[in-house]
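What follows is the residue order along each chain.
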Amino acid sequence: MAHLQEAAVKQINEICDRYVNEETPLMMILSDIQKEYGYIPLEVQELVSERTGISVAEIYGVVTFYSFFSLKPKGKNVVGCCLGTACYVKGAQNVIDKFSEILGIKPGETSEDGLFTLDALRCIGACGIAPAVQINGTVYPKMSVDKVAALIEQYKNEGEH
Ligand code: FES
């Protein structure tokens, strides 16, 4: 979606038009776009702005405020390492550093092959099993540095089926 193709423009306009009678349509429009494309880059925000009359600044504010909206495409597997207090005191920083080292990406980045995105998360409500890591919604308890490589392999292989 880097350079917006005609079909994408048409579809985004359609999504905007779906909520034309709503008083506050922005969240619904952005949710639909996020679901459809997996991310909402600036050029799409501009398009939504043109169509709805809502300012780009307001749209950008919403997209960056809510973590379920994304400005960049995410990888096939999204690895979220909790860096909340309980996880942090149990060594979460070392765990995320290990993911970073093996995947060759920093938190917030996606690997070139598109297989992995690495995210640093705030408390995910699993403090009792800290440090916690969440991959594609599945929570892995009591993570340690020496479990990281095997977990990455597991998800890499799943991608091959
Ligand atoms: S601090 Fe990590 S789950 Fe709560």
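Everything quoted here is computed from the prediction, not taken from an experiment.

(A) Inspection of the overall build of the protein chain at higher detail. Secondary structure summary: the protein chain contains seven helices and four strands in total. When its C-alpha atoms are laid out on the principal axes, the protein chain stretches across 50 × 35 × 20 Å. Looking at the protein chain residue by residue over its 161 residues, the buried ones come to 23%. When contacts within the protein chain are restricted to residue pairs at least 6 apart in sequence, long-range pairs at least 24 apart make up 59% of them.

(B) Highlighting the environment of Ser111. With respect to the helices, strands and loops of the structure, Ser111 is situated in the loop between helix H6 (92-103) and strand E2 (116-121). The class of Ser111 is partly exposed, set by 15 C-beta atoms lying within 10 Å. The spacing of Ser111 and Gly75 is 36 residues in sequence and 7.2 Å in space, taken between C-alpha atoms. Contacts of Ser111, omitting those with residues within four sequence positions, involve Gly75, Leu103, Gly104, Ile105 and Phe116.

(C) Local environment of the domain arrangement of the protein chain. One can read the domain layout of the protein chain as domain 1 (6-65) and domain 2 (77-158). Measuring from the centre of the C-alpha atoms in domain 1 to the corresponding centre in domain 2 gives 31 Å.

(D) Focus on the packing of helix H1 (residues 6-18) against helix H3 (residues 42-52). One can describe the packing of H1 onto H3 by two numbers: an axis separation of 10 Å at closest approach and a directional angle of 50°. Classified by the angle between their axes, H1 and H3 sit oblique to one another. In this structure, H1 crosses over H3, and the sense of that crossing is right-handed. Of H3, the residues touching H1 (which contributes Val9, Ile12, Asn13 and Cys16) are Val44, Leu47, Val48, Arg51 and Thr52. Tallied by class, the residues present in the contact of H1 with H3 amount to six nonpolar, two polar and one charged.

(E) Structural context of the sheet that holds strand E4 (residues 138-140). Taken together, four strands build an open sheet; the order of strands is E2-E1-E3-E4 and the sheet is mixed. Of all the strands in the sheet, the pair left with one neighbour each is E2 and E4. For this sheet, the mean inter-axis angle between neighbouring strands, taken without regard to orientation, is 20°. Relative to strand E3 (residues 133-135), strand E1 (residues 77-82) runs antiparallel, the two sharing three bridges. Looking at the pairing, Val79 lines up with Ile135 of E3.

(F) Summary view of the packing of H1 against helix H2 (residues 26-37). Packing of H1 against H2 leaves a shortest axis separation of 9 Å and a crossing angle of 145°. Here the hand of the crossing between H1 and H2 comes out right-handed. Residues Ile12, Ile15 and Cys16 of H1 pack against Ile29, Asp32 and Ile33 of H2. Classifying every residue of the contact of H1 with H2 by side-chain character gives five nonpolar, no polar and one charged.

The rules we used
Residues numbered from 1 in each chain as written. Predicted model: local features only at pLDDT ≥ 70, side-chain atom pairs only at ≥ 80, totals over all residues. Helix = DSSP H or I, 4+ residues; strand = E, 2+ residues; numbered from the N terminus. Buried ≥ 20, exposed ≤ 12 C-beta atoms within 10 Å, placed from the backbone. Contact = placed C-beta atoms within 7 Å. Domains from an automatic or database assignment. Axes fitted to C-alpha atoms, helices over the stretch in contact; angles between N-to-C directions. Parallel < 35°, antiparallel > 145°, perpendicular 65-115°, else oblique. Left-handed = near helix turned anticlockwise from the far one by under 90°. Nonpolar A, V, L, I, M, F, W, Y, C, P; charged D, E, K, R; others polar. Pairing = 2+ DSSP bridges.

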